[in-house]
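# Summary of structural features
What follows is each chain in one-letter form.
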Amino acid sequence: MGSREEKASTDAGVPAERLTSSSRGTGRRLRGAVAHYLGTAIVSGEIAPGERLTGEVASSEALDVSRSAYREAVQVLTAKGLVESRPKAGTRVLPRSRWNMLDPAVLAWAFSGEPDPDFVRDLFELRAIVEPNAARLAAERRDKTDIKTMKDALAAMRRHTLATEAGRAADRDFHDALLRASHNNAVIALSASIVAAVTWTTQFKQRIRALPRDPMPDHVRVFDAIVAGDADAASDAMRVLVDLALEDTRSSM
């Protein structure tokens, strides 16, 4: 008997609950709400890889939305690699290996509930590959504008703390500025995904209790090394920052 990801003949109904009134809207907003609802169900495993969604009419009725809104939401999921639709075969959830897991929306869906531990590990392994090397390049290539942007972000992080949305926005700005300071367009292209991973893991690990330690000194060490132009120190400091962030996230799961 094949694994769950190999199944192709099982039909999976849309989760029974209809969208809440607060998530409803019209046009693009409604399409986004439906995509979020279905995407969360898929990424969480409620609708497993290999399963087929029920038909458009039944699914739109179950969610109490128009058929066009449901159809557009499925198109969003298709574009992110979560499902594929074929004539007569219907819409099937694809294996995880086909999902665009670095899409910011998919990351948001993954952290809407309890994320898969292997997925969290994969994200931090990606960060450990990209960010220390980006910090190394930043130390070698940063300019005055890069330094000012990172410095301003750190000041906002210190002022607001990561317990607030303003502080987390500043954290996003810092990591984004660091990647851009590499002045490597291939690295910069990963910025949205890396920053989204930072955002969601930071928010996730303090959903129940405050952060177990102050991460500011870790960020300051990275910044100071970049300002000093010390590529080795910048890379090492960023690796430590990522490793400690992984430990904090694991302790909250």
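Values in this document were obtained by computation on a predicted structure and should not be read as measured data.

Helix and strand content of the protein chain: eleven helices and four strands. Per-residue burial for the protein chain yields a buried fraction of 46% across its 253 residues. Across the protein chain, every contact between residues at least 6 apart in sequence was considered, and the portion connecting residues at least 24 apart equals 72%. As presented, the protein chain carries roughly 12500 Å² of accessible surface, and 51% of it is formed by carbon and sulfur atoms.

Taken as a whole and judged by the stated rule, the model has two aromatic pairs. Relative to Phe119, the ring of Phe111 lies with its centre 6.2 Å away and its plane at 45 degrees, an arrangement referred to as tilted. Each member of the pair, Phe111 together with Phe119, is buried. Owing to a relative accessible area of 8%, Phe111 belongs among the buried residues under this scheme. Site record: aromatic cluster; members linked through ring pairs are Phe111, Phe119 and Phe204.

To continue, consider the confidence of the model for the protein chain. For the protein chain, the average pLDDT comes to 87, and 88% of its residues sit at 70 or higher. Considering only residues more than four positions removed or in separate chains, one finds that residues 1–9, a stretch of pLDDT under 50, has 18 contacts.

This part covers the packing of helix H6 (residues 144–160) against helix H10 (residues 216–228). H10 packs onto H6 with a crossing angle of 165 degrees between their chain directions and a minimal axis gap of 11 Å. Viewed along their axes, H6 and H10 adopt a mutual orientation that is roughly antiparallel. Where H6 crosses over H10, the two elements pack in a sense that is left-handed. The segment H6 lies against H10, with Ile147, Met150, Lys151, Leu154, Met157 and Arg158 engaging Met216, His219, Val220, Phe223, Ile226 and Val227.

Counting residues in each nonpolar core, the largest one holds 70 residues, and the members touching the most others are Leu82, Phe174 and Leu178. Broken down by element, this core gets its largest block of residues, ten residues, from helix H5 (residues 117–141). Dropping the residues within four chain positions of it, Leu178 is found in contact with Glu131, Ala134, Ala135, Ala138, Met150, Val222, Ile226 and Met238.

Bringing the side chain of Asp248 into the picture now. Here Asp248 lies in helix H11 (residues 231–251). In this structure Asp248 comes out as buried when scored by relative accessible area, which is 10%.

The gaps of empty space that remain are located by a probe, the size of a water molecule, rolled over the atoms. The tally for this structure, following the rule as stated, stands at one cavity of 30 Å³ or more. Lining the largest cavity are 16 residues, with Thr202, Lys205, Pro215, His219 and Ala245 sitting closest to its centre. Across the lining of the largest cavity, the residue classes break down as six nonpolar, four polar and six charged.

Each regular strand displays side chains that alternate between the two surfaces of the sheet. Of the pairings in the sheet, the one linking strand S3 (residues 83–86) to strand S4 (residues 90–93) comprises four bridges and is antiparallel in character. The partner of Arg86 across the bridge, within S4, is Gly90. Counted along the chain from S3 to the antiparallel partner S4, the turn is three residues long, and its residue Lys88 has a positive phi close to 70 degrees.

Running from N to C, H5 and helix H7 (residues 165–180) point in directions that differ by 65 degrees, and their axes come no closer than 8 Å. Facing Arg127, Val130, Glu131, Ala134, Ala135 and Ala138 of H5, the residues of H7 in contact are His175, Leu178 and Leu179.

The next point concerns helix H2 (residues 56–63). Those residues of H2 lying buried are Ser59, Ser60 and Leu63. Seen from one end, H2 has its buried residues packed into an arc of 95 degrees, which puts them on one side. Positive phi appears at Asp64, one or two residues downstream of H2, with a value of about 60 degrees.

Here we come to unusual backbone geometry. Notably, Thr161 is not glycine yet its phi reads approximately 70 degrees, a positive angle. The phi dihedral of His183 falls on the positive side, at around 55 degrees, and the residue is not glycine. Tracing the backbone through its elements, the reader meets His183 in the loop between H7 and helix H8 (185–188).

What counts, and at which threshold
Residues numbered from 1 in each chain as written. Predicted model: local features only at pLDDT ≥ 70, side-chain atom pairs only at ≥ 80, totals over all residues. Heavy atoms only, no water. Helix = DSSP H or I, 4+ residues; strand = E, 2+ residues; numbered from the N terminus. Buried < 20%, exposed > 50% of the residue type's maximum accessible area, 1.4 Å probe, protein only. Contact = heavy atoms within 4.5 Å. Areas by Shrake-Rupley, 256 points an atom, 1.4 Å probe, with all protein chains shown as cover. Phe/Tyr/Trp six-rings, centres within 6.5 Å; stacked < 30°, edge-to-face > 60°. pLDDT = per-residue confidence, 0-100. Axes fitted to C-alpha atoms, helices over the stretch in contact; angles between N-to-C directions. Parallel < 35°, antiparallel > 145°, perpendicular 65-115°, else oblique. Left-handed = near helix turned anticlockwise from the far one by under 90°. Core = buried A, V, L, I, M, F, W, Y, C linked by side-chain atoms within 4.5 Å. 1 Å grid on protein atoms, 1.4 Å probe; cavity = no way out; pocket = protein on both sides within 12 Å on 5 of 7 lines; lining within 4 Å. Points joined across faces, edges and corners; volume = space filled by probe spheres on them. Nonpolar A, V, L, I, M, F, W, Y, C, P; charged D, E, K, R; others polar. Pairing = 2+ DSSP bridges. Arc of directions from axis to C-beta.

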